[in-house]
Amino acid sequence: MSSVAVQARPIAVRLRLPRVSTWARLVSPVVLVVIWQLAGATGVLPERLLASPLTVVQTAVDLVRDGTLTSAIRVSLQRAALGFVIGAVAGVALALVSGLSRVGEILLDPILQMLRTLPFYGLIPLFILWFGIGELPKVVLVAFGVAIPLYLNTFAGIRSVDGKLAELAQVQQLGKLALIRHIVLPGALPQALVGLRQSLGVAWLALIVAEQVNADAGLGYMINNAREFLRTDIIVVGLLVYSVLGLLTDAFVRLIERRALSWRRGFLAS
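Peer 1: Where do I start with the side chain of Asn153 in this structure?
Peer 2: Tracing the backbone shows Asn153 in helix α7 (residues 136–159). Within the structure, the side chain of Asn153 is placed 3.0 Å from the side chain of Gln198, a separation counted as a polar contact.

Peer 1: Where do I start with the packing of aromatic side chains in this structure?
Peer 2: Describing an aromatic ring pair means giving the distance of the ring centres and the angle of the ring planes. Applying the stated rule across the entire model yields four aromatic pairs. Residues Trp130 and Phe131 carry aromatic rings whose centres are separated by 6.1 Å and whose planes lie at 85 degrees to one another, so their mutual orientation is edge-to-face. Classification of Trp130 by relative accessible area gives exposed; the value is 56%. Ring pairing ties together the aromatic residues Phe127, Trp130 and Phe131, which thus form one cluster.

Peer 1: What's the story with the environment of Leu96 in this structure? I'm lost.
Peer 2: Positionally, Leu96 belongs in helix α4 (residues 68–100). It is 9.2 Å that separates the C-alpha atoms of Leu96 and Leu185, two residues lying 89 residues apart in sequence.

Peer 1: Explain the packing of α4 against helix α5 (residues 102–115) here, please?
Peer 2: Relative orientation and spacing of two packed helices are given, respectively, by the angle between their axes and the distance between those axes. Their axes nearest at 6 Å, the elements α4 and α5 cross at an angle of 130 degrees. Relative to α5, the element α4 lies oblique. Here Leu94, Val97, Ser98 and Leu100 of α4 lie close against α5, whose contacting residues are Arg102, Gly104, Glu105, Leu108, Asp109 and Leu112. Classifying every residue of the contact of α4 with α5 by side-chain character gives five nonpolar, two polar and three charged.

Peer 1: Would you take a moment to explain the nonpolar core for this structure?
Peer 2: When a protein is soluble and globular, its nonpolar side chains tend to lie buried together. Leu69, Leu141 and Leu219 are the most contacted members of the largest nonpolar core, which totals 42 residues. Among the elements that make up this core, the one with the highest residue count is helix α9 (residues 176–211) (nine residues). Look past the residues within four positions of Leu69 in its chain and what remains in contact with it is Ala60, Leu63, Val64, Leu219, Met222, Val237 and Val241.

Peer 1: Looking at this structure, I do not really get the pattern of salt bridges. What am I missing?
Peer 2: Side chains that differ in charge, positive against negative, can pair when their charged atoms come close. This structure, assessed with the given rule, holds seven salt bridges. Here Arg102 makes a salt bridge to Glu105, at a shortest N to O gap of 3.3 Å. On the criterion of helical spacing, the pair formed by Arg102 and Glu105 is a turn pair, its members being three residues apart in helix α5. Residue Arg231 is joined to Asp233 by a salt bridge in which the shortest nitrogen-to-oxygen separation is 2.9 Å. The exposure class assigned to Asp233 is buried, which follows from its relative accessible area of 7%. One connected set of salt bridges, linked through shared partners, spans Arg79, Glu135 and Glu211.

Peer 1: Teacher, can you tell me more about the confidence of the model for the protein chain here?
Peer 2: Caution applies to low-pLDDT parts of the model: their predicted coordinates are not meant to be read in detail. Per-residue confidence for the protein chain gives a mean pLDDT of 80, with 81% of residues at or over 70. Here residues 1–15 is a poorly scored stretch, pLDDT under 50, and it has eleven contacts once near neighbours within four places are set aside; other chains count.

The rules behind these values
- Residues numbered from 1 in each chain as written.
- Predicted model: local features only at pLDDT ≥ 70, side-chain atom pairs only at ≥ 80, totals over all residues.
- Heavy atoms only, no water.
- Helix = DSSP H or I, 4+ residues; strand = E, 2+ residues; numbered from the N terminus.
- Polar contact = N/O pair within 3.5 Å; in protein donor to acceptor, adjacent residues only side chain to side chain.
- Phe/Tyr/Trp six-rings, centres within 6.5 Å; stacked < 30°, edge-to-face > 60°.
- Buried < 20%, exposed > 50% of the residue type's maximum accessible area, 1.4 Å probe, protein only.
- Axes fitted to C-alpha atoms, helices over the stretch in contact; angles between N-to-C directions.
- Parallel < 35°, antiparallel > 145°, perpendicular 65-115°, else oblique.
- Contact = heavy atoms within 4.5 Å.
- Nonpolar A, V, L, I, M, F, W, Y, C, P; charged D, E, K, R; others polar.
- Core = buried A, V, L, I, M, F, W, Y, C linked by side-chain atoms within 4.5 Å.
- Salt bridge = Lys/Arg side-chain N within 4 Å of Asp/Glu carboxyl O.
- pLDDT = per-residue confidence, 0-100.

Here it is as structure tokens:
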């Protein structure tokens, strides 16, 4: 076999990283909690600044027993779910219009690129004027936070679809809807799922902001109310619940990603 033929043969390069035990990844968080507890027990970290881990755990148990925490979680989940559905539908729809049409891109993309730079706190006064002080401004704020990253990533995914596939669709005489279903959406799916993960993270951030303004229920209200009474233990419990909910939703999307994109071979796979 000639050297030219050998060089022409594709060579698969795969990185092999040392495997790290799952338990080993828990060492640093556990050490941090132990230091936190020792600092609280010795008075180095006063309770008025940050409650100790044991105090936080006891407070969480008490809040669950009296129903305060479960009620707050239920209200926050309802707001997050409704805002996410509205924002996801809007983000994907706008991405399809902009991604599949030059006219749509010219009309919509500049506006959305400007909107993505707006801070949440800057939108709250305007939303209150538009939608009042009830649930609607909170849901709209979450929907806004969800729609922008999902639009950006889905739009990028649509525009990254191989043009040769569109030519193949023309040869097969596929209609517009069939083109979107069988070529555009599958091709944009990896990038869209990245946007979905980002939008879920932003949704919880938007919810935290929304629930601390003119709210009478929810995790944000519980945290804001605890701030008035210097209850750092309740504040930490609320923040931990936000973190856990964010991690659970992210894990759910990652599961969908592994199932939907099982045909892809990871670059770092062993």
